[in-house]
Amino acid sequence: MSSVNESAVIDDEAFAVRRTIQIAAPVPRVWAAVTEPAHVSEWFGRVELDGAGWGAEGSMTFPGRRLPLRVQAIDEPRSITYLWNNDDALGEPPAGFDEDTATSFTFTLEAVQGGTRLTVVESGFERTSDPAANLASHRAGWTIELDKLVALVEAGA
């Protein structure tokens, strides 16, 4: 049975979006769902990376949009940080990876009674074309996408 999780929230001062959810599945299953391209592609955008682990680069593709993506940091099975160029307000992603305008999102996993607590924090919106619009868009996006993650992982638990 899926737990009810709060929606994502905006931290205006930190230019960040945060969401913490409970997933009724063990850490290794959730870790695979947020780190392995084939699993991420099942609930988020289609991920393609040129390798695995720290420094791997590639893309995340949504209908009509291909976003540059990089694995920025990894501490298995506790946290992974991705950089991406997902500036919704611009309308078009850059042709290649642009670290100066990228935001980062970090998944942090913690074993808890009954499963895993997953927190995502996306930050760096002050570097985007319209911080307020992008914060609002990504708050809605993380709510939708992580609900899909919970449903997928719990169905397989």
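Preceding this section is the structure that the text describes.
Model, not experiment: these values are computed from the prediction.

(A) Main features of the overall build of the protein. What the protein contains, in helices and strands, is 3 helices and 8 strands. Tracing the protein from N to C terminus, the helices and strands come up as β-β-α-α-β-β-β-β-β-β-α. Radius of gyration (C-alpha) of the protein: 15 Å, near the 15 Å computed for a compact globule of 157 residues. With 157 residues in all, the protein has 42% of them scored as buried. Here the analysis covers contacts within the protein between residues at least 6 apart in sequence; of these, 54% occur between residues at least 24 apart. Of the accessible surface of the protein, which amounts to about 7800 Å², a share of 52% is contributed by carbon and sulfur atoms. Between the averaged position of the 12 positive side-chain charges in the protein and that of its 24 negative side-chain charges there is a distance of 4 Å.

(B) Structural detail: the pattern of salt bridges. Applying the stated criterion to the full structure yields 9 salt bridges. Residue Arg19 is joined to Asp147 by a salt bridge in which the shortest nitrogen-to-oxygen separation is 2.8 Å. Residue Arg19 is found in strand 2 (residues 16–23), and its partner Asp147 is found in helix 3 (residues 131–156); the two are separated by 128 residues along the sequence. Between Arg127 and Glu126 there is a salt bridge, with the nearest N and O atoms lying 3.8 Å from each other. Its relative accessible area of 36% is what places Arg127 among the partly exposed residues. Where salt bridges share partners, they join Glu57, Arg70 and Glu99 into one cluster.

(C) A look at helix 3. The terminal C-alpha atoms of helix 3 lie 36 Å apart, and with 26 residues this matches the ideal 38 Å at 1.5 Å per residue to within 8%. Of all the residues in helix 3, the buried ones are Asn134, Leu135, His138, Trp142, Thr143, Glu145, Leu146, Leu149, Val150, Val153 and Glu154.

(D) Structural view of the side chain of Arg70. Its place among the elements puts Arg70 in strand 5 (residues 65–75). A polar contact of 2.9 Å, which involves the side chain of Arg70, links it to the side chain of Glu57. Of note is the side chain of Arg70, whose polar atom sits 2.8 Å from the side chain of Glu99. Beyond its immediate stretch of four places on either side in the chain, Arg70 contacts Gly55, Ala56, Glu57, Thr81, Tyr82, Leu83, Phe97 and Glu99.

(E) Here's a closer look at the side chain of Ser79. Tracing the chain through its elements places Ser79 in strand 6 (residues 79–84). A relative accessible area of 16% places Ser79 in the buried class. When neighbours within four sequence positions are excluded, Ser79 is seen to be in contact with Trp31, Ala73, Ile74, Thr106, Phe107 and Thr108.

(F) Highlighting the packing of helix 1 (residues 27–35) against helix 3. Running from N to C, helix 1 and helix 3 cross one another at 135 degrees; their axes reach a closest spacing of 10 Å. It follows that helix 1 is oblique to helix 3 by the angle criterion. For the crossing formed where helix 1 meets helix 3, the hand is right-handed. Across from Arg29, Val30, Ala33 and Val34 in helix 1, the residues of helix 3 making contact are Leu149, Val153 and Gly156. Residue classes in the contact of helix 1 with helix 3 are distributed as 5 nonpolar, 1 polar and 1 charged.

(G) Looking closely at the sheet that holds strand 6. Across the sheet, 8 strands lie side by side as 1-2-8-7-6-5-4-3; this open sheet has antiparallel pairing. Since the sheet does not close on itself, it has two edges, and those belong to strand 1 (9–11) and strand 3 (46–49), each with one partner. Taken pair by pair, the neighbouring strands of this sheet meet at an average axis angle of 25 degrees, ignoring direction. Helix 1 contacts strand 2, strand 5, strand 6, strand 7 (103–112) and strand 8 (115–123) of the sheet and is inclined by roughly 170 degrees relative to strand 7. Across the face of the sheet, helix 3 comes into contact with strand 1, strand 2, strand 4 (57–62), strand 6, strand 7 and strand 8 while running at roughly 15 degrees to strand 2.

Rules of the game
Residues numbered from 1 in each chain as written. Predicted model: local features only at pLDDT ≥ 70, side-chain atom pairs only at ≥ 80, totals over all residues. Heavy atoms only, no water. Helix = DSSP H or I, 4+ residues; strand = E, 2+ residues; numbered from the N terminus. Rg over C-alpha atoms; globule rule 2.2 N^0.38 Å. Buried < 20%, exposed > 50% of the residue type's maximum accessible area, 1.4 Å probe, protein only. Contact = heavy atoms within 4.5 Å. Areas by Shrake-Rupley, 256 points an atom, 1.4 Å probe, with all protein chains shown as cover. Lys, Arg positive; Asp, Glu negative; His and termini not counted. Charge placed at Lys NZ, Arg CZ, Asp CG, Glu CD. Salt bridge = Lys/Arg side-chain N within 4 Å of Asp/Glu carboxyl O. Expected span 1.5 Å × (residues − 1). Polar contact = N/O pair within 3.5 Å; in protein donor to acceptor, adjacent residues only side chain to side chain. Axes fitted to C-alpha atoms, helices over the stretch in contact; angles between N-to-C directions. Parallel < 35°, antiparallel > 145°, perpendicular 65-115°, else oblique. Left-handed = near helix turned anticlockwise from the far one by under 90°. Nonpolar A, V, L, I, M, F, W, Y, C, P; charged D, E, K, R; others polar. Pairing = 2+ DSSP bridges.

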